[in-house]
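Each chain, letter by letter, is given below.
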Amino acid sequence: MTQTTIDVLKIREDFPILNREVNGKPLVYLDNAATSQTPIQVINAIVDYYSNYNANIHRGVHALSQEATDKYEAAREKIRAHYNASESKEIIFTSGTTHSINLVANGFSSLLNKGDEVLVTAMEHHSNIVPWQMLCERTGAHLKVIPMNLDGVLVMDAYHDLLSDKTKLVFCNHVSNALGTVNPIAEIIEAAHSVGAAVLVDGAQAAPHIKADFQRLDVDFYTVSAHKICGPTGVGMLYGKKEWLQKLPPYQGGGEMIAEVTFEKTTYADLPHKFEAGTPNICGGIAFGAALDYMNSIGFDNIANYEAELLTYATKQLLTIEGLKIYGIAKEKTGVISFNIEGVHPYDIGTILDKLGIAVRTGHHCAQPIMDFFKIPGTVRASFSFYNTKEEIDSLVSGVKRAAQMLL
């Protein structure tokens, strides 16, 4: 394995929150799959906006508006470049991945017919299940599920068997939030395109770990939430191929998304503004760009190598605990470990860990079908970032052992 070339202790100095205590203990933050922490460089970008050029964007003739517009559109270009989209107009600012998915689902209401088929995987977040169920109810299309196996890996033979000329849409996450599995999206996209279907990839969990190349993947839609990649909450993006975005109707009506309005007829603005009704989260978009700058300064290859070390180390140490079972053992996975201890409810483990200053997530992680598949109520999920250390993993392991002794 390639050894890390990042200075983790120096990186941790960029994150003020990592210096705090919880319940009198040093914070060990291992809930990164829910939201990442925010470095001072991004915090400073937020402060700079509100301190120096807070103004509404586009069409303003005064200096502050022009400066805010330039910074906001520069952030859109940073996102385009990061993901290698063809044009900046293919990047739509949204409030996050859920908003992005609902935007696409709403647009396809006018494109699907009764009897058409929509495919989703068995390991989706609720945000990538419910909108498609609602879409199928509106249109009469049928929702079909690509199964997974007990390793937490998609059954790709079954996927290929499900594809047909009735398949119009395929939706999958790039990385499972509950299991950490990295899905073979290149194969999924190519196979879907062979039957004329479009593909939306939920990239929320992949974004902190993997730098997707939209043109190389030939993906039709891809979604990201900024708060997963050291940015603020309440902002994200939808990438869509220009030809698809032009086919979809606007998701919301209001200011910014119009070209001309009369009481008789309204015409819509060109991309990307067609899907950006109202005053956007200007500061959030700018901070989104600052977060990408920060992560790229560290380097995604460096991040991936180091997080792979953490995952290997944590897996080995946790499996020394009697009765502990890990769910999701794909060969390709990111820094997520979902586990249970036989005879102990995950909530109880999480509560004891919190008393020790260790932040993990417990429950079904908005992926209840996965838990139903494994016949469990939920899991304890520890998720790692490039600012975590092996010493923090040692604290986790010690805490889980202590919890097991108290609860068994």
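Source: prediction; values computed, not measured. (Residues numbered from 1 in each chain as written. Predicted model: local features only at pLDDT ≥ 70, side-chain atom pairs only at ≥ 80, totals over all residues. Heavy atoms only, no water.)

Draft legend 1. Focus on the overall build of the chain. Regarding its fold elements, the chain presents 14 helices and 17 strands. Against the globule reference of 22 Å for 408 residues, the chain gives a C-alpha radius of gyration of 22 Å, in line with a compact fold. C-alpha atoms of the chain, sized along the principal axes, occupy 70 × 55 × 35 Å. Sorting the 408 residues of the chain into buried and exposed places 54% on the buried side. The contacts of the chain with a sequence gap of at least 6 include a subset with a gap of at least 24, amounting to 72%. Averaging the coordinates of the 34 positive side-chain charges in the chain and doing the same for the 45 negative ones gives two points 3 Å apart. (Helix = DSSP H or I, 4+ residues; strand = E, 2+ residues; numbered from the N terminus. Rg over C-alpha atoms; globule rule 2.2 N^0.38 Å. Buried < 20%, exposed > 50% of the residue type's maximum accessible area, 1.4 Å probe, protein only. Contact = heavy atoms within 4.5 Å. Lys, Arg positive; Asp, Glu negative; His and termini not counted. Charge placed at Lys NZ, Arg CZ, Asp CG, Glu CD.)

Draft legend 2. Representation of the nonpolar core in the model. Membership of the largest hydrophobic core comes to 107 residues, with the highest contact counts inside it found for Y159, Y222, M237, F288 and F386. Top contributing element to this core by residue count: helix α10 (residues 282-298), with eleven residues. Shared between two domains, this core takes at least three residues from each, and those domains are domain 1 (8-30 + 299-407) and domain 2 (43-296). For M237, the contacting residues outside a window of four places in its chain are I79, Y83, I91, I92, T94, S100, F214, Y222, T223, V224 and F288. Within the second largest apolar cluster, 24 residues are counted, among which are I101, A105, L169 and L245. (Core = buried A, V, L, I, M, F, W, Y, C linked by side-chain atoms within 4.5 Å. Domains from an automatic or database assignment.)

Draft legend 3. Main features of the sheet that holds strand β14 (residues 336-341). Here four strands make up an open sheet; going across it, the order is β13-β14-β17-β16 and the pairing antiparallel. Only two strands of the sheet have a single neighbouring strand rather than two, namely β13 (324-327) and β16 (361-363). This sheet shows a mean twist of 30° between the axes of neighbouring strands, independent of strand direction. Relative to strand β17 (residues 379-383), β16 is paired through three bridges, and the arrangement is antiparallel. Bridge assignment links G363 to a residue of β17, and that residue is T379. Contacts from helix α11 (residues 300-318) reach β13 and β14, with the element oriented near 10° to β14. (Pairing = 2+ DSSP bridges. Axes fitted to C-alpha atoms, helices over the stretch in contact; angles between N-to-C directions.)

Draft legend 4. Geometry of a negative patch on the surface. A surface patch of like charges, here negative, comprises D157, D161, E187 and E190. Of all the elements in the fold, those that place two or more residues in the negative patch are α6 (156-162) and α7 (185-194). Inspection of the secondary structure puts D157 in helix α6. (Patch = residues over 30% accessible without salt bridge, like charges linked within 9 Å, V, L, I, M, F, W, Y side chains within 5 Å. Areas by Shrake-Rupley, 256 points an atom, 1.4 Å probe, with all protein chains shown as cover. Salt bridge = Lys/Arg side-chain N within 4 Å of Asp/Glu carboxyl O.)

Draft legend 5. Inspection of unusual backbone geometry at higher detail. The omega angle of the peptide bond from L271 to P272 is 0°, so this bond is cis rather than trans. Positionally, P272 belongs in the loop between β12 (266-268) and α10. Residues other than glycine seldom take positive phi values, yet N23 does so here, at roughly 55°. With respect to the helices and strands, N23 occurs in the loop between β1 (21-22) and β2 (25-26). Positive phi, close to 60°, is recorded for K375, a residue that is not glycine. Looking at the secondary structure, you find K375 in the loop between α13 (368-374) and β17. Given the relative accessible area of 74%, K375 is considered exposed.

Draft legend 6. Representation of α10 within the structure. Compared with an ideal rise of 1.5 Å per residue, which puts 17 residues at 24 Å, α10 spans 25 Å between its outermost C-alpha atoms and is within 8% of the ideal. After α10 finishes, the residue G299 shows a positive phi value of roughly 100°. (Expected span 1.5 Å × (residues − 1).)

Draft legend 7. Here's a closer look at the sheet that holds strand β4 (residues 91-94). Overall, mixed pairing links the seven strands, which are arranged β4-β10-β9-β8-β7-β5-β6 in an open sheet. Two strands lie at the open edges of the sheet, namely β4 and β6 (142-146), each paired on one side alone. Across the sheet, the axes of successive neighbouring strands diverge by a mean angle of 20°, strand direction being ignored. Bridge count between strand β8 (residues 198-202) and strand β9 (residues 221-225): three bridges; the pairing is parallel. Looking across to β9, one finds that V201 is bridged to Y222. Most of the contacts of helix α4 (residues 97-107) go to β9, to which it runs at about 155°, and overall it touches β4, β8, β9 and β10 (236-240). α7 rests against β7 (167-173) and β8 of the sheet, and its axis sits at about 160° to β8.

Draft legend 8. The arrangement of the side chain of K228 in detail. Structurally, K228 is set in the loop between β9 and β10. Although K228 is buried, it forms no salt bridge, and the closest oppositely charged side chain is D31 at an N-O distance of 8.0 Å. One polar contact links the side chain of K228 to the main-chain carbonyl oxygen of A33, over a distance of 2.8 Å. Those residues in contact with K228, other than ones at most four positions away along the chain, are A33, A34, S36, A204, Q205 and P208. (Polar contact = N/O pair within 3.5 Å; in protein donor to acceptor, adjacent residues only side chain to side chain.)

Draft legend 9. How the structure looks around a nonpolar patch on the surface. A cluster of nonpolar side chains, contributed by I40, I43 and V47, occupies part of the molecular surface with about 200 Å² of accessible area. By secondary structure assignment, the location of I40 is in helix α2 (residues 40-52).

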